[in-house]
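Chain by chain, the residues run as shown.
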Amino acid sequence: MKKILYVAQREFIATAGTRAFIFGILVTPLVIGVLILLVPWMSRQDPPAIAGSVAVIDPTGQIAGGLAAYLEPARLEQRRREAYRRIQEAMPSALRSASGMGGPRGDAAQEAVGAVLGTVPQLQVVSLDAGADVSSAKEGLMASRAPDAPGARLALIVVHADAVEKKPGSDRFGAYDMFVRAKLDDRVTEEIDDGVRDAIIGARISRAGLDRVRVEDLTTVGRVSALTVTAEGEGRTNEVLNQLIPMALMGLLLMSVLMSGQYLLTTTIEEKSNRVVEVLLSALSPMELMVGKIFGQFAVGLLVLALYMGLGLIALLSFASLGLLDPALIVFLILFYLLAYFSVGAFMAAIGSAVNELREAQGLMTPVMLVIMIPWFLWMPISRDPNSTLAVALSFVPPISNFVIMLRLASSTPPPLWQTALSIVAGAAGVYASLWFAARVFRIGLLMYGKPPNLATLLRWARTG
Amino acid sequence: MSDAIVLRGLTKTFGDTVAVRDFDLVVPRGGLYGVIGPNGAGKTTIIRMILSILLPDRGELSVLGQRSAMEAKDRIGYLPEERGLYKRMRVGQFLAYMARLKNADGADLRSRIRTWLERVDLAGVEHKRCEELSKGMQQKVQFVAAVVHRPDLLILDEPFSGLDPVNQRLLRELVGEEHRRGATVLFSTHVMVHAEQICDHVVMVHRGEKVLDDRLGEIRARYDPRHILFEPMDPAADVASLSTIAGVERVRRDGTAWDIALAPAASPAAVIQRVAAAIPPARVELRRPSLEDVFISIVSAASSGGDDAKLRAAIRDEGDAGAERRP
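Residue indices follow the written sequence of each chain, beginning from 1 at its first position. Here the convention is simple: chains get letters from A, ligands get numbers from 1, in the order in which they are written. The predicted origin of the model limits local features to residues at a pLDDT of at least 70 and limits the giving and counting of side-chain atom pairs to 80 or more, whereas totals for whole chains, interfaces and linings rest on all residues. Note that water and hydrogens are dropped before the side-chain values are worked out from all heavy atoms of the structure.

### Points about the overall build of chain B
A run of H or I in DSSP counts as a helix once it spans at least four residues, and a run of E counts as a strand once it spans at least two, with each numbered from the N terminus. Within chain B, the secondary structure is distributed over ten helices and 13 strands. Its C-alpha atoms put chain B at 75 × 45 × 35 Å along the principal axes. The contact criterion used is simple: two residues touch if any of their non-hydrogen atoms lie within 4.5 Å. For chain B, contacts bridging at least 24 residues in sequence account for 69% of all contacts bridging at least 6. Areas reported as accessible are Shrake-Rupley estimates using a 1.4 Å probe. Residue values count occlusion only from the protein chains shown. Surface summary for chain B: the accessible area is close to 14500 Å², and the carbon and sulfur share equals 49%. Mean positive and mean negative side-chain charge positions of chain B (47 and 46 charges, respectively) differ by 4 Å. Counted as positive: Lys and Arg. Counted as negative: Asp and Glu. His and the chain ends are not counted at all. To locate a charge, take atom NZ for lysine, CZ for arginine, CG for aspartate or CD for glutamate.

Here you go:
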């Protein structure tokens, strides 16, 4: 046992003590953090100020005025402010302060709002004759003309004659056609589009002899978000986080299993290819060596898991959403990491012992990688319906079971206790089977040099081993 | 006291190849045994079976009184033919790790490692990474790893290959010291001269079978000289004509000298007298059989006319390839 611990200790230090490991494990979250801060900053960069005219061919004579009023810079800015306020309300506080939107006051507030909203476009509405030639009016949209040149247009709106009043015998209103210059900012296009719609609706309402303010009043209901009722009380339902947590937990599980498994593979191949393995085998049995190595990398994976888990908890804490994570899930995460890692890791050790260099391991790794990828492919269907037949069945097929049950446990409808228990038993049986297989392959493979074996050879070794 | 190593009827096959066949060996405690034979003879397989790294298909063994080396691993030191170190590990750490794996984790471990490094002229490399050392230095570090825990049984597989003559001599001395300390030493080599220089008992292996197992002195006595080395005073003398002299079976050129084979039952002393009388010699002497000669004579007798020159090349230092692939 003491020897196993020595091997595990060396394995851990040789892996986690390297500059590459420390760099990799610290830098990855750092990059993610920087990206989180950088993306809002980059999207805040001002789009170029847009100025130009919008031509309107309006046979009804009731639209151009409404559109001009809608596109007034002051009103544009007011609407943007309104939209911004809604976004801010929906955003968790941590993200708000990270993106520099955290309740600014005074000048700073103006500046921040301006930065987020961008410069308001200066749009001038030009009314053309109702009978004007559409194709010649389109000429103004050509990119060959500078937007501010005389006769140049950003957009051309052709309102249908029956846009405000139905044609006799028709039960539908007409609409309008919209033509824009190439590469026009889509936000501007959207503003103009909204403006025309607003003007048409306004014209129709007043034509029908109704009061627009009253109609809007009657047709507006305030938006609410659902509250989740739990034993601890009521809370805002956060749909995104509810989906994100199961995925994050399973991703964490996969990442740490894959990472430590990969390290196990590399160090085994290294020991074999630099021939140190024979000296080791004169001091301990292949089983002791393998178990020691597996334990050493288990600790490495646990370290990775703890680090990212810690980061995740800090993130949840700052989103004030720590309550969303059941502490039992952390215990399950560690348990299923143990089961998943031991079944996958043992295979990695076996493969590492059988080949002479990393390149040769690729072919043998395919089935292992496939098993690891399956939960990713099934993430969506399982998280949508965590108790479907597929999800339940896969919960008992090791080593996939470990990932699937983790996903289900973290979902909004966790599996019944007996399924969790059975899944643990299945996972443990998987661990036993792969350790048995790996031990036999490992012993033969370690001293086998030359042509790399295929999967059939490994199975033969396991049978005869 | 039981013997250090007892092998009975050990057989090991790899696929269709019989690597070792019905191999018997008894190494008493305190013995200094050399296992010799050309590359591919089965020496490494025998050693790996002694160490329980490979399990025999058939046969029994006991090592240091145990049924398997597994139970005596901590008392065995092993220098494998395929040498390896952890490249990124520091020399001191590597040696301490190896010693701990042999349950030698005393308070004096550090100082013992330092002493050993000084003995092999590697003082001051303790904090260097293994990959910073030359190949010869790495080999010496590995020898230290095999002896630092004071083993009762020291097994060295081709310990001299890859070393320069100065380090070969150093290693010979250190092996001698370990033997005098009381350790049983078993080493293998394909270079017969090395065995002749240090061991007191020789085991010859050819194609997985034992062809000789005796004390060096006994072997020399048994294979009494049947050849005379002859160099004429006058290089132009007709030495070939000596074959007509009574008691001479054959005369053949051997470099600048001549090799005169004696006829069965001929007295070496009488033949020397007659030869010297026929052609004045610059040098005439009885050839003592080297292990190489003994090996060749045994193997050729067994296989009735093998390729002697090829075999000789395989058991001389020039054929020091060593790194062939085999399980």
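Read on for the rest.
### Details of the overall build of chain A
Helix and strand content of chain A: 18 helices and six strands. Long-range contacts, defined as pairs at least 24 residues apart, comprise 73% of the intrachain contacts of chain A with a sequence gap of at least 6. When the accessible surface of chain A is summed, it comes to about 24000 Å², and 64% of that surface belongs to carbon and sulfur atoms.

### Thoughts on the confidence of the model for chain B
Residues and elements named next belong to chain B. Think of pLDDT as the predictor's per-residue confidence, scored from 0 to 100. Confidence along chain B averages 85 in pLDDT terms, with 94% of residues attaining 70 or more. Scored below 50 in pLDDT, residues 318–327 shows 27 contacts in the model against residues more than four places distant or in partner chains. Reported confidence for the predicted complex is 0.78 by ipTM and 0.71 by pTM.

### Regarding the pairing of strand S1 (residues 51–57) of chain A
Residue and element names in this part refer to chain A. Taken across its seven residues, S1 has six buried, putting it largely inside the fold. Of the strand pairs in this sheet, S1 and strand S2 (residues 122–128) are connected by seven bridges, and their pairing is parallel. Within the sheet, the bridge partner assigned to Ala55 lies in S2 and is Val126. Following DSSP output, two strands are said to pair if at least two bridges run between them. As paired elements, S1 and strand S3 (residues 155–159) share four bridges and run parallel to each other. Residue pairing for S3: Ile57 is matched across the bridge by Val158. Between buried and exposed lies partly exposed: a residue is buried under 20% and exposed over 50% of the maximum accessible area for its type, with that area taken using a 1.4 Å probe on protein chains only.

### Focus: the packing of helix H14 (residues 358–384) of chain A against helix H16 (residues 400–410) of chain A
Helix-helix packing is characterised by the crossing angle of the two axes and by the distance between the axes. All names here are of chain A. Interaxial angle, 0 to 180 degrees, is taken between N-to-C directions of lines fitted to C-alpha atoms, where a helix line uses only the stretch in contact. Packing of H14 against H16 brings their axes to within 9 Å, and their N-to-C directions diverge by 25 degrees. Looking at the two axes, H14 sits roughly parallel to H16. The crossing of H14 and H16 is right-handed. Of the residues in H16, those in contact with Val371, Ile374, Pro375, Trp379 and Ile382 of H14 are Ile400, Phe403, Val404, Leu407 and Arg408. Each residue receives one of three labels: charged for Asp, Glu, Lys and Arg, nonpolar for Ala, Val, Leu, Ile, Met, Phe, Trp, Tyr, Cys and Pro, and polar for the others, Gly being one of them. Residues of the contact of H14 with H16, tallied by class, amount to nine nonpolar, no polar and one charged. In these notes the angle categories are as follows: under 35 degrees is roughly parallel, over 145 is roughly antiparallel, 65 to 115 is roughly perpendicular, and the rest is oblique. Whether a crossing is left-handed or right-handed is set by the direction in which the near helix is turned from the far one by less than a right angle, anticlockwise for left-handed and clockwise for right-handed.

### A word on the interface of chain B and chain A
How big an interface is tends to be reported as the loss of accessible area on association of its parts. At the junction of the two partners, chain B supplies 28 residues and chain A supplies 24 residues. Summed over both partners, the accessible surface that disappears when two parts come together, traced with a 1.4 Å probe, is what is meant by buried area. At the boundary of chain B with chain A, total buried surface from both sides reaches about 2600 Å², with 60% on carbon and sulfur atoms. Should a side-chain nitrogen of Lys or Arg be within 4 Å of a carboxyl oxygen of Asp or Glu, the pair is scored as a salt bridge. Counting the contacts that link chain B with chain A gives two salt bridges. The partner of Arg48(B) in a salt bridge is Glu278(A), and the shortest N-O contact between them spans 2.7 Å.

### Here we look at the sheet that holds strand S5 (residues 76–79) of chain B
Residue and element names in this part refer to chain B. Here we have six strands laid out as an open sheet, ordered S5-S6-S7-S3-S8-S9, and mixed in their pairing. Since the sheet does not close on itself, it has two edges, and those belong to S5 and strand S9 (209–215), each with one partner. Neighbour-to-neighbour, the strand axes of the sheet open up by a mean angle of 15 degrees, direction not taken into account.

### A few points about the sheet that holds S3(A)
Residue and element names in this part refer to chain A. Taken in spatial order, the four strands line up as S2-S1-S3-S4 in an open sheet, and their pairing is mixed. Because the sheet does not close on itself, it has two edges, and the strands there are S2 and strand S4 (176–180). Pairs of neighbouring strands in the sheet enclose a mean axial angle of 20 degrees, with direction left out of account. Relative to S4, helix H8 (residues 186–207) is tilted by about 160 degrees, and along the sheet it contacts S1, S2, S3 and S4.

### Points about the pattern of salt bridges
Scanning all chains against the criterion turns up 27 salt bridges over all chains. The partner of Arg110(B) in a salt bridge is Glu126(B), with the nearest N and O atoms 3.6 Å apart. One end of the pair, Arg110(B), is in helix H3 (residues 109–119); the other, Glu126(B), is in the loop between H3 and helix H4 (135–147), with 16 residues separating them in the sequence. Glu126(B) sits in the buried class, given a relative accessible area of 9%. Ionic pairing is found between Glu285(B) and Arg283(B), a salt bridge with its closest N-O pair at 3.3 Å. The exposure class assigned to Glu285(B) is partly exposed, which follows from its relative accessible area of 34%. A single network of salt bridges, built from pairs that share partners, joins Arg10(A), Glu11(A), Glu271(A) and Lys293(A).

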